[in-house]
Amino acid sequence: MTKKLLRKIEEGLFRSLMSLSTCIIIFALCLIVFSILIKGIPSLSFEMISQTPRGGFYFGREGGILNAIIGSLYLATGATALALAISLPVALYMNLNLISRKKTVNAIRFLLDLLWGIPSIVYGAFGFSIMIILGMKASLLAGIIVVALLIIPIMIRAMDEGFKMVPPGLTESSLSLGATKSEIAFRVFVKQCFPFIITGVLLSFGRAIGDAASVLFTTGFTDRIPTSLSQQTATLPLSVFFQLSSPIPEVKNRAYAAAVVLTIIVLMISILSRLISGRFKKTSIKF
Amino acid sequence: MLLISLDRHIKDRASRAWMLLWLCFIIAMPVLIGTGLYYKSSLLLKEESVFGLLLSKEWKPLSGKFGFYPFIISSLWVTILALLIAGPVCLLSAIHLTQYAKKAVLKIMRPVIDILAGIPSVIYGVWGVIVIVPFIAKQSDKILGKQVSGYSILSGSIVLAIMIIPFILNILIEVFRSIPDELQEASLSLGASKWQTVKFVLIKKAFPGIVSAMGLGLSRAFGETIAVLMVVGNVVGIPHGVLQPGYPLPALIANNYGEMLSIPMYDSALMFAALVLFVIVLLFNLASRLLIVRFEKRI
């Protein structure tokens, strides 16, 4: 009898611990988002998002974070575009031309997962040493290349998840109509898996705009908005990182404001990718 | 007609070659990174042995003494503590979500996990600075009566724990989902309770998957830079307690890059640090992924 009771107590205890764990996770997310918003929103004004910092980003008490917002958008857009130009062909090749070689494809997937696990600071250090060998200085272009390398594995794997599910019947019927493999790739696969491509792109864009360690040495930091690829560029994560360590309260407020902008961008991307992937699912052919 | 089809086939060939080229590039990436970092750190490696560098305690870059021991110990402290916090929470929550929870809870948790995974590390860092660090300082004052700044190993590992939760949780949910229902049904039909089934069947069966999820979480935590750097204190030395500041390996690279360019040996030492990070993370990832692949095959 007591044994039964003990068992009941044990189960009850663990069940409540489980619910508690799930609640902790939800609570942690709310806590993070709210504390960032509460700290940052008071300093978020029109001036903040429409002006560049005056008198140096570390000492100047006036101005905003426009340099970082524009810089981050340039950087993330460039890196995502570059990564897309590389990832799409690779993902298509894996699922179309290598489809009969299951082992090779699985080995490539394994390798991509490994690449995804490499910390961004390693990409940053590697990129920086390559830049020195090539005689390049910290610039928007260098940042775009390094961040693209960082997000390529994520993007390929996201697209791959979609391409994997294209039914072989679709490929076979296209082949029997006389289409070449590349035509199938770009006209059938891309159309069929469009939601996956979009989510992959958005996911990578979010990663690109939020990563700080890889751009720390490769893009540098500046007060100005870049006008060419060879100039140094400010980014939102570094704008937060550098200005938060300042003793001047006005500068610190810029860091909090930048944190809010970054959080809002990331949240928007998350919502957008949910909406889009739900909407486009209707257009693909079902089997 | 012939011309058009010829044109199409040339296009096909060209685009295939283009695809293959980038595929080869991606495959070569890890090798490229490894050799690049090794080449840059060879200057230091010529002077000293790998184990000498990893186990030596003295860090005086200006007089050419590069001992990585304090940084490696700090990294281990922070990551292992983070895993100790995040691991049980993830395990319990994953069991809850896959075995007990209603569909509605799972529907709420999906976006929660996605958003947590998507928040940039610098945001976690800010959160650590404005919430966790003052909290630790206050509690330490209240409970232990010790005055500390709050920038400590403990703060770093709490922030890190939250960061790796979505990562581990996602893998664990996949692992538990892949366990066939028949196993549990058999256990339930023999009269075992739901919790007994979870304890003796589910966890036992999923054990390799759980281990590899933790391994992947550990390697993710090991390489995390900015968030940890912002809250961990960055004082060179071997930490003796969780309330003391630490200086993990990624933070060392991030903090000193740029100023080291004038000293070739210093540059080489930081590249060696990046190489160590790369190798450790790669090995951990490799082991965990191999374990998970074997686990999937067995089911």
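Residues numbered from 1 in each chain as written. Chains lettered and ligands numbered in written order. Predicted model: local features only at pLDDT ≥ 70, side-chain atom pairs only at ≥ 80, totals over all residues.

As for the overall build of chain A
So, step 1. Summing up its helical and strand segments, chain A has eleven helices and zero strands in all.
So, step 2. When the helices and strands of chain A are listed from N to C terminus, the series reads α-α-α-α-α-α-α-α-α-α-α.
So, step 3. The principal-axis extents of the C-alpha atoms in chain A amount to approximately 75 × 65 × 35 Å.
So, step 4. Relative to its full complement of 287 residues, chain A shows a buried share of 47%.
So, step 5. Long-range pairs, those at least 24 residues apart, make up 77% of the contacts in chain A with a sequence separation of at least 6. (Helix = DSSP H or I, 4+ residues; strand = E, 2+ residues; numbered from the N terminus. Buried ≥ 20, exposed ≤ 12 C-beta atoms within 10 Å, placed from the backbone. Contact = placed C-beta atoms within 7 Å.)

Side note on the overall build of chain B
So, step 1. Scanning chain B from terminus to terminus reveals eleven helices and two strands.
So, step 2. The order of α-helices and β-strands along chain B, N terminus first, is α-α-β-β-α-α-α-α-α-α-α-α-α.
So, step 3. Whereas a compact globule of 299 residues would reach a radius of gyration of roughly 19 Å, chain B reaches 24 Å, over 25% beyond that.
So, step 4. Its C-alpha atoms put chain B at 80 × 70 × 35 Å along the principal axes.
So, step 5. Among the 299 residues that make up chain B, the fraction classed as buried is 45%.
So, step 6. By sequence separation, contacts in chain B at least 24 residues apart represent 75% of the contacts at least 6 residues apart. (Rg over C-alpha atoms; globule rule 2.2 N^0.38 Å.)

Quick word on the interface of chain A and chain B
So, step 1. Taken together, the contact pairs 64 residues of chain A with 67 residues of chain B.
So, step 2. Of all the secondary structure elements, the ones that give two or more residues to the side of chain A that touches chain B are helix H1 (2–40), helix H3 (66–96), helix H4 (102–117), helix H5 (120–134), helix H8 (181–192), helix H9 (194–210), helix H10 (236–244) and helix H11 (249–280) of chain A.
So, step 3. Here the element with the most residues in the side of chain A that touches chain B is H1 of chain A; it accounts for 19 residues.
So, step 4. Within the side of chain A that touches chain B, the residues separate by chemical class into 41 nonpolar, 14 polar and nine charged. (Nonpolar A, V, L, I, M, F, W, Y, C, P; charged D, E, K, R; others polar.)

Comments concerning the domain arrangement of chain B
Residue and element names in this part refer to chain B.
So, step 1. Domain annotation of chain B identifies domain 1 (2–47) and domain 2 (51–298).
So, step 2. Averaged C-alpha coordinates put domain 1 and domain 2 at centres separated by 33 Å.
So, step 3. Contact residues are listed per partner, giving nine residues for domain 1 and ten residues for domain 2.
So, step 4. Of the residues in the side of domain 1 that touches domain 2, the class split is six nonpolar, two polar and one charged. (Domains from an automatic or database assignment.)

Here we look at the confidence of the model for chain A
So, step 1. Across chain A, the average pLDDT comes to 84, with 95% of residues at 70 or higher.
So, step 2. Of all the helices and strands in chain A, helix H2 (residues 46–50) of chain A carries the lowest mean pLDDT, 74, while helix H6 (residues 140–163) of chain A carries the highest, 89. (pLDDT = per-residue confidence, 0-100.)

Thoughts on H3 of chain A
Residues and elements named next belong to chain A.
So, step 1. Under the 1.5 Å per step criterion, the end-to-end length of H3 is 44 Å for 31 residues, consistent within 8% with the ideal 45 Å.
So, step 2. Along H3, the largest kink reaches about 25 degrees and is centred on Leu-84.
So, step 3. Taking burial as the measure, the 31 residues of H3 include 23 buried ones, the bulk of the element. (Expected span 1.5 Å × (residues − 1). Bend = angle between axes of the 7 residues up to and from the residue.)

Notes on the environment of Tyr-256 of chain A
All names here are of chain A.
So, step 1. Tracing the backbone through its elements, the reader meets Tyr-256 in helix H11.
So, step 2. C-alpha of Tyr-256 to C-alpha of Phe-217: the two residues are 39 residues apart in sequence and 22 Å apart in space.
So, step 3. Setting aside anything within four residues of it in sequence, one finds Tyr-256 in contact with Lys-39, Gly-40 and Ser-43.

Re the packing of helix H6 (residues 153–177) of chain B against helix H8 (residues 194–223) of chain B
Residues and elements named next belong to chain B.
So, step 1. As a packed pair, H6 and H8 sit with axes 9 Å apart at the nearest point and diverge in direction by 150 degrees. As the angle between them shows, H6 and H8 are arranged roughly antiparallel. Every pair of crossing elements has a handedness; the one defined by H6 and H8 is right-handed. Counting all contacts with H6, which are made through Leu-160, Ile-164, Phe-167, Ile-168, Ile-171, Leu-172, Val-175 and Phe-176, the residues of H8 involved are Leu-202, Ala-206, Gly-209, Ile-210, Ala-213, Met-214, Leu-216, Gly-217, Arg-220 and Ala-221.
So, step 2. Among the residues forming the contact of H6 with H8, the class breakdown is 15 nonpolar, two polar and one charged. (Axes fitted to C-alpha atoms, helices over the stretch in contact; angles between N-to-C directions. Parallel < 35°, antiparallel > 145°, perpendicular 65-115°, else oblique. Left-handed = near helix turned anticlockwise from the far one by under 90°.)

Considerations on the confidence of the model for chain B
So, step 1. Of the residues in chain B, 96% reach a pLDDT of 70 or more, and the chain-wide mean stands at 84.
So, step 2. This complex was scored by the predictor with a pTM of 0.89 and an ipTM of 0.89.

Describing the packing of helix H4 (residues 103–118) of chain B against H6 of chain B
All names here are of chain B.
So, step 1. The contact between H4 and H6 brings their axes to 8 Å, and the two run at 135 degrees. With respect to H6, the element H4 is oriented oblique. Of the two elements, H4 crosses H6, and the hand of that crossing is left-handed. Contact residues: H4 offers Ile-113, Leu-116 and Ala-117, while H6 offers Ile-165, Pro-166, Phe-167, Leu-169 and Asn-170.
So, step 2. Broken down by class, the residue content of the contact of H4 with H6 amounts to seven nonpolar, one polar and no charged.

Topic: the nonpolar core
So, step 1. Ranked by internal contacts, the top residues of the largest apolar core, which has 178 residues, are Ile-165, Leu-172, Ala-273 and Ala-274 of chain B.
So, step 2. There are two domains that each give this core at least three residues, and those are domain 1 (2–47) and domain 2 (51–298) of chain B.
So, step 3. With residues near it in sequence (within four places) discarded, Ile-165 of chain B still touches Ile-25 of chain A together with Ala-86, Val-89, Cys-90 and Leu-116 of chain B. (Core = buried A, V, L, I, M, F, W, Y, C linked by C-beta atoms within 7 Å.)

Re the environment of Pro-250 of chain B
So, step 1. Considering the arrangement of structural elements, one finds Pro-250 of chain B in helix H10 (residues 249–256).
So, step 2. When the C-alpha positions of Pro-250 of chain B and Leu-45 of chain B are compared, they lie 20 Å apart, and in sequence the two are 205 residues distant.
So, step 3. Every residue in contact with Pro-250 of chain B, bar those within four places of it in the chain, is listed here: Pro-119 and Ile-121 of chain A together with Gly-223, Glu-224, Thr-225, Val-228 and Leu-277 of chain B.

Remarks on the environment of Glu-161 of chain A
So, step 1. For Glu-161 of chain A, the position within the fold is in helix H6.
So, step 2. Judged by C-beta crowding, with 14 C-beta atoms within 10 Å, Glu-161 of chain A ranks as partly exposed.

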